[in-house]
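Coordinate analysis (summary)
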Amino acid sequence: MPKKLLLLPQLSASSAFRIPRARPVPPPAMNAARTGYRVFSANSTAACTELAKRITERSFALVTQAGVQWRDLGSPQPLPPRRLGAELGKSVVYQETNGETRVEIKESVRGQDIFIIQTIPRDVNTAVMELLIMAYALKTACARNIIGVIPYFPYSKQSKMRKRGSIVCKLLASMLAKAGLTHIITMDLHQKEIQGFFSFPVDNLRASPFLLQYIQEEIPNYRNAVIVAKSPDAAKRAQSYAERLRLGLAVIHGEAQCTELDMDDGRHSPPMVKNATVHPGLELPLMMAKEKPPITVVGDVGGRIAIIVDDIIDDVESFVAAAEILKERGAYKIYVMATHGILSAEAPRLIEESSVDEVVVTNTVPHEVQKLQCPKIKTVDISLILSEAIRRIHNGESMAYLFRNITVDD
């Protein structure tokens, strides 16, 4: 019986050796992180690393009947949700016996985005050197980007020329750029124009949403309050708070106030000499000396809660004097609110002995010792907005969400 042959269809040369086409790979998402990231603390003291730990601490969601609550691992108290679940980078920052600062990076950072969290204690110059040396160490270790997270930017009050001084804030900006920083996250700069000192991006976050929330939730009968500016310089900030809370505004003005704008900027130099020769026929108008009026409170504070707002509380004597004036004008409760609570020298004692009922500051500057000395000092945590800023910058997301409803004058 003849065998049946199985006939196959004839294949062309091109089809016989056809290679399957590779499927196109979809492009990565715009917000996808291309590299890893690490978070370091440049502080050598344990008290100053507290904010860095709060930014990077892990948390988990606990589902209850009331909804989702966020709790810190090991803590029974509810917390707001944390955006970062990372550990602090391994590094050692310490002072040599001769006072020099030494920084040692204990892990690889090559090709990564590095965030350096630096809170500024009382020893400002040491903190600045720690930040500069760590940034330079990470730069030489081939970090991809080095972002400084500096909630309170030091030397921000020295941003204008005073007599024959210098603009130290501009010098510090140049030093940070030279050390290797490529971006800075800060909060409530003393002067917004400081951002122009830098040759790289600066995100100037605001603490006012947290302080406004504190007023609404923690101050009883806040609808009977009035927002107070202790000097005309702080009127814009006070107006911003008053408009958002739909409250009244009061401004203290008079001879008891002495602001940095009244300081001589040195433009009359060289100093006048009695026998100085003047070009004949040249008569320049003489600038009249300032004379402040008697102390005045513009606005009604009688029978109300007075809330004094500012950006920095350092030397509290002006706040104590303002509280005494408001008390005389009929305010029955006085709060002082600011972003940066430096509280130098005898600030806790002066607050405790004054008419101020409560001082509310954020944790941009460590002040645990001052809180032990004065129970009137309260703290508002702003670590959530810093952790969200870190997450967005690393993922390449827009920062506009963190500046919602923020105007130029805020």
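Predicted model, so just to flag it, every value in this text is computed and none were measured.

1. Topic: the pairing of strand β12 (residues 248–253)
Summarising the sheet, strand β11 (residues 225–229) and β12 pair through four bridges and their orientation is parallel. Bridge assignment links A229 to a residue of β12, and that residue is V251. Read from β11 through helix α6 (residues 235–245) to β12, the crossover connection turns out right-handed.

2. Things to note about the packing of aromatic side chains
Under the definition given, this model contains three aromatic pairs. When the ring of Y37 is compared with that of F115, the centres are 6.3 Å apart and the planes differ by 85°; the resulting orientation is edge-to-face. You can see Y37 sitting in strand β1 (residues 37–41) and its partner F115 sitting in strand β7 (residues 113–117), a full 78 residues away along the chain. Of the residues examined, Y37 reaches a relative accessible area of 25% and is grouped as partly exposed. Residue classification places F115 among the buried residues on the basis of a relative accessible area of 0%.

3. A few points about the packing of helix α3 (residues 124–140) against helix α4 (residues 168–179)
Here α3 crosses α4 at 25°, and the two axes come no closer than 8 Å. When the axes of α3 and α4 are compared, the pair comes out roughly parallel. Together, V128, L131, L132, A135, Y136 and K139 of α3 and L172, M175, L176, K178 and A179 of α4 make up the contact between the two elements. Split into classes, the residues belonging to the contact of α3 with α4 amount to nine nonpolar, no polar and two charged.

About the cut-offs
- Residues numbered from 1 in each chain as written.
- Predicted model: local features only at pLDDT ≥ 70, side-chain atom pairs only at ≥ 80, totals over all residues.
- Heavy atoms only, no water.
- Pairing = 2+ DSSP bridges.
- Helix = DSSP H or I, 4+ residues; strand = E, 2+ residues; numbered from the N terminus.
- Right-handed = clockwise from strand over helix to strand, strands pointing away.
- Phe/Tyr/Trp six-rings, centres within 6.5 Å; stacked < 30°, edge-to-face > 60°.
- Buried < 20%, exposed > 50% of the residue type's maximum accessible area, 1.4 Å probe, protein only.
- Axes fitted to C-alpha atoms, helices over the stretch in contact; angles between N-to-C directions.
- Parallel < 35°, antiparallel > 145°, perpendicular 65-115°, else oblique.
- Contact = heavy atoms within 4.5 Å.
- Nonpolar A, V, L, I, M, F, W, Y, C, P; charged D, E, K, R; others polar.

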